[in-house]
Amino acid sequence: MKTADFLPPEAFAEHLDRRRTPKRLAWLCTWALLGLSATFALEWEVQAQVSQARQAQAPDAPVQQARAEMDRVYGAMNAYAVSMDPLTDHLSLPQVGALLTALPQLLGQEAELEDVLWKHEVVRRGRNVQSAQLLLRITAEVRGETALISLPEQLRVDTGFTSVKTIRTEVLPENRDSVRLELEFRAPLELPLNSQQGSVR
Amino acid sequence: MKLITRYSPVAIHFGSLESRLLQLAGGPGGWKVHAHASAGAQGSLRHASAVEHLLQALSHKKLRGKDALIATSGEASAVNLVPMDPAQRSRLQQTLQETAARAINDPEGISYRYLPLAGGAVDHAQREEFLLLTSGQSENRRCTEAAESMQLRAVGLEYSAFPTARALHAMHGPSEDPWGFLQLGMDRSLFGIVHEGEMRFLKPMQSNGQSLLQTVTAALPELPNEEAMQHPTVATLQQNAVGHAVEILHALRLESEGMAQEIRACLRHFSARHKGARLASVTLTGFGAALPEVENALDHALSIPTSVARPFSELGIQAPAEILAEEHLWCTPLGLALRGES
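Computed from a predicted model, the values in this text were never measured in an experiment.

Colleague: For the overall build of chain B, give the residues involved together with the corresponding values.
Modeller: Helix and strand content of chain B: twelve helices and 14 strands. Scored against the burial criterion, the 342 residues of chain B give a buried share of 45%. Long-range pairs, those at least 24 residues apart, make up 65% of the contacts in chain B between residues at least 6 apart in sequence.

Written out as structure tokens, the structure reads:
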């Protein structure tokens, strides 16, 4: 209801403003309480999730026990592995058996295979392996000049080695048609390295 | 348990016979009287005397520093209805100033406020009406100084009819029909009409509570003792009126008929300006309202439902017995206390 106030209207407006103060405080407190409640609820949720995550990451006691038992068993087995499984070592060696049987035929009908040497040639710098090659040296008596010239290339193609070189020739006084050759076969060694010893198995 | 107890501003009504102080506690959901006191004091210097008595009565209440809303009534304030032709609209301020200056004579000067009374769409061809309220500066100063001497902060000073109408409006609630109120003060009566929550009409009446009191006193047998004869109270009059209703009604016939004629003239005027609107009821307040048989006499003369105001009972405000016994006298302080409440 409109009224006629003989005092300035500001006086009553200020009075109304003062009366609103408790309501404002009540609203402020309500919002503060809501904010705090929301914060506590969020913290509770985060804590619950952290706890859930930790619980999920922690291993099961039976699983942990079984894993320890397995490690112990593997440790015990490793100590005897070399002596208990020679076939493994044998299979890890380069497969040159087929080459040795084929070599006399590759060298020619009248050739004589005198000596065969094969080895791994590994160049290391510290614990790093810079190069690893399979090296095969054979000494054989071959007959004829043609064989002398074309034999290395012929052998390279037939054996699949990377390179085949003649590193020594020797004329045989007792048999002038023949010559003793020392041939060196090289090929990259594609065998796995032993990680424990840093060497080629 | 309420976390925050709300208090209304301290309401002080400096009436022409008595000054009353009221403070409510609670809220719109449920008010109760927190502090109340009344002190009899008359004349232009009644404020200081009233304050002295009120302070004694309320020494145990913590009212210092509170906001106070004040109402005044009596000879130092006046209300006028000022009609204004559309052609004279440019002279509005001058007309109001001249009318206010004629209404009150105060050596310290006067202050006036005015309100347009039109409700709804204003017909520009029709004469406008303004309610002019004038108060002497000395009266305003005494009211505010009285509040300050009680260590209260005066934040409002109204003419008593407005807080009265506010309290009655709260009592009636939202109503489509207009309703009227008749404030029967000891030396001045006012008739007002409220429509759609706003004051639409207010006019001083010829008759007042004093003339009604004289009529009622004359109609009653002589009071038993000398003091009661010289200063009869409403309670003693009511006590003495038991069994004399017919005599009182007969005596009040002329008085109430004269008042009813005045009111009917006001209603015709109001009805003409508000598309034939009719009053739903008339509520009586002030000293004269509780005089024996006045309610019945006016009800009969007006042929409109007429009743004495009981705002505390109607609004369910918890109040002490002395307030409930004379609710019609506490309408103005109640209206002040409810100012600003939605």
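Picking up where we left off.
Colleague: Describe the overall build of chain A, and please don't skip the residues or the numbers.
Modeller: Within chain A one finds six helices and six strands. Secondary structure elements of chain A, listed N to C terminal, follow the sequence α-α-α-α-α-β-β-α-β-β-β-β. Within the span of chain A, comprising 201 residues, buried residues form 11% of the whole. In chain A, the proportion of contacts linking residues at least 24 apart, taken out of those at least 6 apart, comes to 56%.

Colleague: Quick rundown of the packing of helix H8 (residues 245-273) of chain B against helix H9 (residues 294-302) of chain B? Include the residues and the values.
Modeller: Residues and elements named next belong to chain B. Two elements in contact, H8 and H9, have axes whose closest approach is 8 Å; the angle formed by their N-to-C orientations is 50 degrees. Comparing their axes, H9 and H8 come out oblique. Judged by the twist between their axes, the crossing of H8 over H9 is right-handed. Contact with H8, carried on its side by Leu249, Leu252, Ser256, Glu257, Met259, Ala260 and Ile263, involves Val294, Asn296, Ala297, Leu298, Ala301 and Leu302 of H9 and no other residues of that element.

Colleague: Would you mind going over the sheet that holds strand E12 (residues 198-205) of chain B in detail, with residue names and values included?
Modeller: All names here are of chain B. On the basis of which strands lie adjacent, the open sheet formed by five strands has the order E12-E11-E10-E13-E14 and mixed pairing. This sheet does not close on itself; its edge strands, each paired only once, are E12 and strand E14 (306-308). Shown here is a sheet whose adjacent strand axes are inclined to one another by a mean of 20 degrees, direction ignored. By the bridge criterion, four bridges tie strand E10 (residues 179-184) to strand E13 (residues 282-285) in an arrangement that is parallel. Along E13, the bridge assignment pairs Gln183 with Thr285. Against the sheet, H8 contacts strand E11 (189-195) and E12, and its axis sits at roughly 145 degrees relative to E12.

Colleague: If you had to explain the confidence of the model for chain B to someone new, which residues and values would you point to?
Modeller: Across chain B, pLDDT averages 85, with 92% of residues at or above 70. Both scores are available for the predicted complex, with the pTM at 0.65 and the ipTM at 0.84.

Colleague: Hey, could you go over the sheet that holds strand E2 (residues 128-143) of chain A for me, with residue numbers and the actual values?
Modeller: Residue and element names in this part refer to chain A. Pairing is antiparallel across the open sheet formed by four strands, whose spatial order is E1-E2-E4-E3. The open sheet is flanked by strand E1 (112-125) and strand E3 (163-171), the only strands paired with a single partner. Neighbour-to-neighbour, the strand axes of the sheet open up by a mean angle of 20 degrees, direction not taken into account. As paired elements, E2 and strand E4 (residues 178-188) share eleven bridges and run antiparallel to each other. The residue bridging Leu136 from the neighbouring strand is Phe185, located in E4. The sheet strands contacting helix H5 (residues 97-107) are E1 and E2, and the helix crosses E1 at an angle near 120 degrees.

Colleague: Give a detailed account of the interface of chain B and chain A, specifying residues and quantitative values.
Modeller: Facing the 23 residues of chain B at the interface are 15 residues of chain A. Of all the secondary structure elements, the ones that give two or more residues to the side of chain B that touches chain A are strand E7 (110-116), strand E8 (128-136), strand E9 (153-159), helix H4 (161-172) and E12 of chain B. In terms of residue count, E9 of chain B provides more of the side of chain B that touches chain A than any other element does, six residues in total. Taken together, the residues that form the side of chain B that touches chain A break down as eleven nonpolar, seven polar and five charged.

Colleague: Can you break down helix H1 (residues 9-57) of chain A residue by residue, with the values?
Modeller: Residues and elements named next belong to chain A. When the terminal C-alpha atoms of H1 are compared, their 70 Å separation across 49 residues agrees well with the 72 Å that a helix rising 1.5 Å per residue should span. Along H1, the sharpest change in direction is near 30 degrees and occurs at Thr21; proline Pro22 comes one to four residues later. Among the 49 residues of H1, two are classified as buried, and the element is accordingly described as predominantly exposed.

Colleague: Hey, could you go over the confidence of the model for chain A for me, with residue numbers and the actual values?
Modeller: All names here are of chain A. The predicted model of chain A has a mean per-residue pLDDT of 83, with 86% of residues at 70 or higher. Within chain A, H1 carries the highest mean pLDDT (91), whereas strand E6 (residues 199-200) carries the lowest (40). Contacts for the low-pLDDT stretch residues 195-201, under 50 throughout, to residues beyond four places or in other chains number twelve contacts.

Colleague: Give a description of unusual backbone geometry that names residues and reports values.
Modeller: Among all residues except glycine, the phi angle is most often negative; among peptide bonds, the trans geometry is most common. All names here are of chain B. The phi angle at Lys275 is positive, at roughly 50 degrees, despite the residue not being glycine. When you line up the elements, Lys275 lands in the loop between H8 and E13. For Ser303, which is not glycine, the phi dihedral falls at a positive 55 degrees. As for its position among the elements, Ser303 is in the loop between H9 and E14. With 9 C-beta atoms packed within 10 Å, Ser303 lands in the exposed category.

Colleague: Can you tell me about the packing of helix H5 (residues 209-219) of chain B against H8 of chain B, naming the residues and giving the values?
Modeller: Residue and element names in this part refer to chain B. Their axes nearest at 9 Å, the elements H5 and H8 cross at an angle of 145 degrees. When you trace H5 past H8, the crossing you get is right-handed. Of the residues in H8, those in contact with Ser211, Leu212, Thr215, Val216, Ala218 and Ala219 of H5 are Glu247, Ile248, Ala251, Leu252 and Glu255.

Colleague: An account of the nonpolar core is requested, with residue identities and associated values reported.
Modeller: Counting 94 residues, the largest nonpolar core has Ala68, Ile70 and Ala147 of chain B as the members making the most contacts within it. Counting residues per element, this core draws most heavily on H8 of chain B, which supplies nine residues. In terms of nonpolar packing, the next biggest core, distinct from the first, is built from 16 residues, Ile138, Phe161, Val164 and Phe185 of chain A among them.

Colleague: Could you give an account of the pairing of strand E4 (residues 30-40) of chain B, naming the residues involved and the relevant values?
Modeller: Residue and element names in this part refer to chain B. Both strand E3 (residues 18-27) and E4 contribute to a ladder of ten bridges, which runs antiparallel. Residue Gly26 lies in a different strand from E4, and its bridge partner there is Trp31. Here E3 folds back onto E4, and the loop between the two strands holds two residues.

Parameters and conventions
- Residues numbered from 1 in each chain as written.
- Chains lettered and ligands numbered in written order.
- Predicted model: local features only at pLDDT ≥ 70, side-chain atom pairs only at ≥ 80, totals over all residues.
- Helix = DSSP H or I, 4+ residues; strand = E, 2+ residues; numbered from the N terminus.
- Buried ≥ 20, exposed ≤ 12 C-beta atoms within 10 Å, placed from the backbone.
- Contact = placed C-beta atoms within 7 Å.
- Axes fitted to C-alpha atoms, helices over the stretch in contact; angles between N-to-C directions.
- Parallel < 35°, antiparallel > 145°, perpendicular 65-115°, else oblique.
- Left-handed = near helix turned anticlockwise from the far one by under 90°.
- Pairing = 2+ DSSP bridges.
- pLDDT = per-residue confidence, 0-100.
- Nonpolar A, V, L, I, M, F, W, Y, C, P; charged D, E, K, R; others polar.
- Expected span 1.5 Å × (residues − 1).
- Bend = angle between axes of the 7 residues up to and from the residue.
- Core = buried A, V, L, I, M, F, W, Y, C linked by C-beta atoms within 7 Å.

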